[in-house]
Amino acid sequence: HVHYNEWAAGRIVNRRDADVLNDRLAIIYEKVCQSVNESVKQGVKLDTESVKHEVWKIVESLSDEPTFIDWIEKQIPLLGVSDGTAKHYDPLVTRLTEWGRMTKWKDVTVENIANFDAWLHNLTKPMSDARRKAGAKPEKLSDGGIYNYHKCLKALLNRALSFDKIDSNPYDKLKGKFKRGDRENVEYLTDEEMKKFEAIILPKGSELDVAHDLFVFQMYTGLSYTDM
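Quick caveat, the model's predicted, so the values are computed rather than measured.

Draft legend 1. Structural detail: the overall build of the protein chain. On a plain count of helices and strands, the protein chain comes out with 10 helices and two strands. Reading the secondary structure of the protein chain in the N-to-C direction produces β-β-α-α-α-α-α-α-α-α-α-α. Against the compact-globule benchmark of 17 Å for 228 residues, the protein chain has a radius of gyration of 26 Å, which places it well outside the compact range. In terms of overall dimensions, the protein chain has C-alpha extents of about 85 × 45 × 35 Å along its principal axes.

Below you can see the structure in the form of structure tokens.
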């Protein structure tokens, strides 16, 4: 903010950072002139909103304040969580960057959290060329995977709230909306089925033999398919 006594003859004065801010204003002014001149040159009716848009972009690029996504990236190593937990945060940054509609602090709203959830549910997993050639159908993200994105984002927004980066956490108004998935009607193997599967004999060292051993390990440890 610039106070009344820090402004004179169209320039910032009486501040240690006056030279830096004046240089910044000069760049913004030049950007405004370029936008206006381009509109006049093309015979386009001048639109203050489009000019503001151009100015806003340049202000963001010159701002010392990191964007929302930049802040998240810098916070992840400071969370103090285990490596296993930390690995869930990097994909969140990737997804937010891909979506591109929640990059700035002013974008962190209840509506955008809900829109991000809808986008995730329509997203499909990357497919290898071999699977594509084989005619495999694209797979969507699992409910559990989407839930993890929300879990990580909510934790980061609580951290932002504690640092006064935001006034409130949008997730507080969305309680109960994002769930891990259907946990009531889960199909499971019986003891007899587990023993039958474990007893299967396959060619030693083959891919099927390795996959069989891995699944047996999962049966008795509860290790998730993704982690395996």
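Draft legend 2. View of the packing of helix α6 (residues 110-122) against helix α8 (residues 143-162). Closest axis-to-axis distance for the α6/α8 pair is 10 Å, and the angle between their directions is 155°. Classed by the angle they form, the pair α6 and α8 counts as roughly antiparallel. Crossing of α6 against α8: the hand is right-handed. Counting all contacts with α6, which are made through Ile113, Phe116, Asp117, Leu120 and His121, the residues of α8 involved are Asp143, Ile146, Tyr149, His150, Leu153 and Leu157. Per-class residue counts for the contact of α6 with α8 are seven nonpolar, two polar and two charged.

Draft legend 3. Broad picture of the packing of aromatic side chains. Within the structure shown, the criterion is met by seven aromatic pairs. Between Tyr171 and Phe178 the ring centres are 5.8 Å apart and the planes differ by 70°, which places this aromatic pair in the edge-to-face class. With a relative accessible area of 4%, Tyr171 lands in the buried category. Judged by its relative accessible area of 14%, Phe178 is buried.

Draft legend 4. The pattern of salt bridges, seen in detail. Counted according to the given criterion, the structure contains seven salt bridges. Residue Glu6 is joined to Arg15 by a salt bridge in which the shortest nitrogen-to-oxygen separation is 3.2 Å. On the basis of relative accessible area, Glu6 is assigned to the buried category, the value being 13%. Residue class for Arg15 comes out partly exposed when judged on its relative accessible area of 25%. Here Glu98 and Arg95 are joined by a salt bridge, their closest N and O atoms 3.2 Å apart. One end of the pair, Glu98, and the other, Arg95, are both in helix α5 (residues 89-99), three residues apart, so they sit about a helical turn from each other. On the basis of relative accessibility, which here comes to 45%, the residue Glu98 falls in the partly exposed class. Connected through salt bridges with shared partners, the residues Glu6, Arg15 and Asp17 form a single ionic network.

Draft legend 5. Just the environment of Gly43, in detail. Within the element layout of this structure, Gly43 appears in the loop between α1 (18-42) and α2 (48-62). Gly43 gets classed as exposed once you look at its relative accessible area, which sits at 64%. In this structure the C-alpha to C-alpha distance between Gly43 and Asp17, which are 26 residues apart in sequence, comes to 39 Å.

Draft legend 6. Molecular detail of the side chain of His212. Locating His212 in the fold gives a position in helix α10 (residues 207-221). The class for His212 is buried, based on a relative accessible area of 7%. With residues near it in sequence (within four places) discarded, His212 still touches Phe197, Glu198, Ile200 and Leu202.

Draft legend 7. Structural detail: a nonpolar patch on the surface. A cluster of nonpolar side chains, namely Val210, Leu214, Phe217, Leu223 and Met228, defines an oily patch on the protein surface of about 390 Å² accessible area. Checked against the element boundaries, Met228 lands in the segment after α10.

Draft legend 8. Spatial organisation of the packing of α5 against α8. Contact geometry of α5 with α8 gives a least axis separation of 9 Å together with a crossing angle of 90°. Compared by their axis directions, α5 and α8 come out roughly perpendicular. For the pair α5 and α8, the contacting residues are Tyr89, Pro91, Leu92, Arg95 and Leu96 in the first and Tyr149, Cys152, Leu153, Ala155 and Leu156 in the second.

Conventions we followed
- Residues numbered from 1 in each chain as written.
- Predicted model: local features only at pLDDT ≥ 70, side-chain atom pairs only at ≥ 80, totals over all residues.
- Heavy atoms only, no water.
- Helix = DSSP H or I, 4+ residues; strand = E, 2+ residues; numbered from the N terminus.
- Rg over C-alpha atoms; globule rule 2.2 N^0.38 Å.
- Axes fitted to C-alpha atoms, helices over the stretch in contact; angles between N-to-C directions.
- Parallel < 35°, antiparallel > 145°, perpendicular 65-115°, else oblique.
- Left-handed = near helix turned anticlockwise from the far one by under 90°.
- Contact = heavy atoms within 4.5 Å.
- Nonpolar A, V, L, I, M, F, W, Y, C, P; charged D, E, K, R; others polar.
- Phe/Tyr/Trp six-rings, centres within 6.5 Å; stacked < 30°, edge-to-face > 60°.
- Buried < 20%, exposed > 50% of the residue type's maximum accessible area, 1.4 Å probe, protein only.
- Salt bridge = Lys/Arg side-chain N within 4 Å of Asp/Glu carboxyl O.
- Patch = residues over 30% accessible without salt bridge, like charges linked within 9 Å, V, L, I, M, F, W, Y side chains within 5 Å.
- Areas by Shrake-Rupley, 256 points an atom, 1.4 Å probe, with all protein chains shown as cover.

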